[in-house]
Each structure stands twice: as structure tokens, then as C-alpha cells.
Amino acid sequence: MPSTWISRRGKWFWTLTISAVVVIAIALGVGLSIGLNQGGGDNPPTASTPTLPPSFNNPNATGGTFWKPAVGETWQIVLLTPLDNTTTNASVYDVDLFTNPTSTFQNLQSMGRKVICYFSAGSYESNRPDSNNFTAADKGHGVDGWPGEFWLNTNSPNVRDIMTERLKLAAQKGCDGVDPDNVDAYNNNGGGLGLTITDAIDYLTFLAIGAHSLGMAIGLKNAGEIVNQTLPMMQWQVNEQCVQYGECVTFQPFIMANKPVFHIEYPQSSDEKKFTAAQLCGVGDASLDGFSTVLKSMDLGDSVTECSNS
């Protein structure tokens, strides 16, 4: 994650927008359809979703003693900088694993709050303390819109060893759960590594077993195509911009299972300015029933507006 954190979807949106203007100008006469609903490492589901294997319940991935949040949790997410403001009245804080000291987590927990620790599980970032442990063979294509960041081969034993150490670090620092990002390389040309939906499910199974064995919960980040396949082993969903992309109903299985959907919309992004705050919060929209929705700036700094209907 770069030092200035901007929503992966948001930054990728601008990259695509500039490119798409040129393509549309060329393609007007031949009726090409340009899909502008993609977002870096967090693409929304496409209109045609491939047939997936049935949901499964791997006891190694679902068993254990760990935090199991319910629908209705309130939350705050801060990734731009280390957390220095705990005045937001939220029961759950999602913050960076590496940049925050153990004392931050302990302080939150002393106030009765739960701590979710963010890290990228599917991409290489050069600014992490363990970055030198990755090899050239672990890296695939660059992540669009994020110079110096590369998709990781999540089938690599070395990558999995590094992620095991990250999970151990999270447990040592006292995280109640983890938020592993960029698990959807399958939706980004396989990350240049041929990664598939089946690979993603296998990798999330590996991460779930690791987190649960250390007494921590784990959630699914975006990746709407594999909601049903991973629901049994995930304790929540973190979603960005499902209102903008019209995909909120995709994540309702979590609500039906009494598992929270921690949902973010970015009202200052150009493509979301067409929505009212009430629309972004899901007022009158059954597809967002039960969601824990916050409105944030794309840099995921401290400022937050909690939707009153959440």
C-alpha cells in the first residue's frame, strides 16, 4: 500500500476513464460496448458470472474459537495513516496491520471495540517490512494504477509462508480479525499468473485455516463472484462501492447468515456524485438491508459519515 492510500477502485476508475474516452471515439461506428465498471484489485462481478463449484464447509476452515460478529455492528476504517483518533463511536475499527503499534489495538479493545487488521494478501507492496522476502518468481503483472505493486502468485509456497507470518504477527499484536485484500486476481487477467476462481477459493481456505487456528476471525474483501463459495469460512464481508456498481444484492447472503457487510461508498468520487447520500446509504433500497454503511473519502483517512439507517 502506498504511503498515500487511495481506494483501489477509485484510482483504477480514473485510469480506465482516460483510456476509455479514446477507445469510444474509435468505436462509435461499430457499436463496441466499453465496460467501465472495473476497479483495480476489487472489480465488481461481470454481467456473465461463470458457473462455480458449490459452497462447501471445510471443518478445518470453519472450526475454532474466534470472534463472530453479527449483523448491525458499526465500523470505522482508517488506512491512510496510523490511527490517532478513536473518537468515532464504532464497535469495530479496520486499520493497517503494519503501521499501527500494538498499543493502538490495546487502546481500542480497552474501550470495548474489536480490531480488524488490514494487509494485502494478494499483491506485493514494496514498502512493507517483509517485502524483501518475496522473490521475482512470486510476482505477476503490475496492479493497474498502482506503480510498483504486483499481483502475487497465491499458489506459491513462499507467498503462503510470508502470509502465515503476517497472520502470526496479527495474532501477536492482538488483532481480533484480519482483512486480507486483493484476493481477486482471477478478475484481473489472472494477475498475469493464470490465477482462477478456484485458486482464490483455495487461497482463502488457506488464510481462513491460518487465522482461525490463531484465534482470529477473517473476512472476504469484495470478490462478489465467490461469496457463496467462501461464506461458511468468512465472518464478514468488506465491500467497496456496491451502490455505484449496482451489485449490493450479491452480498446479501452474508446478511442472511447474520454476518456483517462492512460497506463503503465514496460520495466525492466523480462517478458517485450522481447519487444522493440517502441513495449511497441505501435508504429505501432492500439490497442494502442490514449493511453497516459508511461514507468515506477515497484516501480512507479519518473522516467518516455513518449512515443512520445502518
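The structure displayed is predicted, hence computed values, not measured ones.

S.K.: When you look at the state of the cysteines in this model, what are you seeing that I'm missing?
M.R.: Note on terminology: a disulfide is the covalent bond linking the sulfur atoms of two cysteines. Following the criterion strictly, the structure yields three disulfides and no others. The disulfide that involves cysteine 117 links it to cysteine 175, with 2.0 Å between the sulfurs. Looking down the S-S bond of the cysteine 117 and cysteine 175 bridge, the torsion is -85 degrees, so its handedness is left-handed. Taken together, the residues span a long stretch of sequence, with cysteine 117 in strand 3 (residues 114-120) and cysteine 175 in the loop between helix 4 (157-173) and strand 7 (177-181) at a distance of 58 residues. For the pair cysteine 117 and cysteine 175, a shared accessibility class is recorded, and that class is buried. What pairs with cysteine 242 in a disulfide is cysteine 248, and their sulfur atoms sit 2.0 Å apart.

S.K.: Is there a simple way to explain the pattern of salt bridges in this structure?
M.R.: What the rule picks out here adds up to seven salt bridges. Put simply, aspartate 130 and arginine 166 hold a salt bridge, and the shortest N to O gap is 2.8 Å. Within this pair, whereas aspartate 130 is found in the loop between strand 4 (123-124) and strand 5 (139-142), its partner arginine 166 is found in helix 4, the two being separated by 36 residues in sequence. What makes aspartate 130 buried here is its relative accessible area of 11%. In this structure, lysine 221 and aspartate 181 form a salt bridge, with 3.6 Å as the shortest nitrogen-oxygen distance. Here the residue lysine 221 occupies a position in strand 8 (residues 217-221), and aspartate 181 occupies one in strand 7, the gap between them amounting to 40 residues. We note that lysine 221, like aspartate 181, is buried.

S.K.: Looking at this structure, how should I read the sheet that holds strand 1 (residues 75-78)?
M.R.: Sheet strands line up and pair through hydrogen bonds in the backbone, either parallel or antiparallel. Pairing is mixed across the open sheet formed by nine strands, whose spatial order is 1-2-3-7-8-9-10-11-12. The outermost strands of the open sheet, each flanked by one partner alone, are strand 1 and strand 12 (305-306). The strands touched by helix 4 within the sheet are strand 3 and strand 7, with strand 3 carrying the most contacts at an inclination of about 155 degrees. This element, helix 5 (residues 197-213), spans strand 7 and strand 8 of the sheet and lies at about 155 degrees to strand 8.

S.K.: Looking at this model, I keep getting lost on unusual backbone geometry. Mind explaining?
M.R.: Comment: phi is negative for the bulk of residues other than glycine, and the bulk of peptide bonds are trans. Of note in this structure, alanine 223 is not a glycine but carries a positive phi near 55 degrees. Assignment of secondary structure puts alanine 223 in the loop between strand 8 and helix 6 (227-230). The exposure class assigned to alanine 223 is buried, which follows from its relative accessible area of 1%. Positive phi values are uncommon outside glycine, yet leucine 300 reaches one of about 50 degrees. Residue position: leucine 300 is located in the loop between strand 11 (292-295) and strand 12.

Conventions and cut-offs
Residues numbered from 1 in each chain as written. Predicted model: local features only at pLDDT ≥ 70, side-chain atom pairs only at ≥ 80, totals over all residues. Heavy atoms only, no water. Disulfide = S-S within 2.5 Å. Helix = DSSP H or I, 4+ residues; strand = E, 2+ residues; numbered from the N terminus. Buried < 20%, exposed > 50% of the residue type's maximum accessible area, 1.4 Å probe, protein only. Salt bridge = Lys/Arg side-chain N within 4 Å of Asp/Glu carboxyl O. Pairing = 2+ DSSP bridges. Contact = heavy atoms within 4.5 Å. Axes fitted to C-alpha atoms, helices over the stretch in contact; angles between N-to-C directions.

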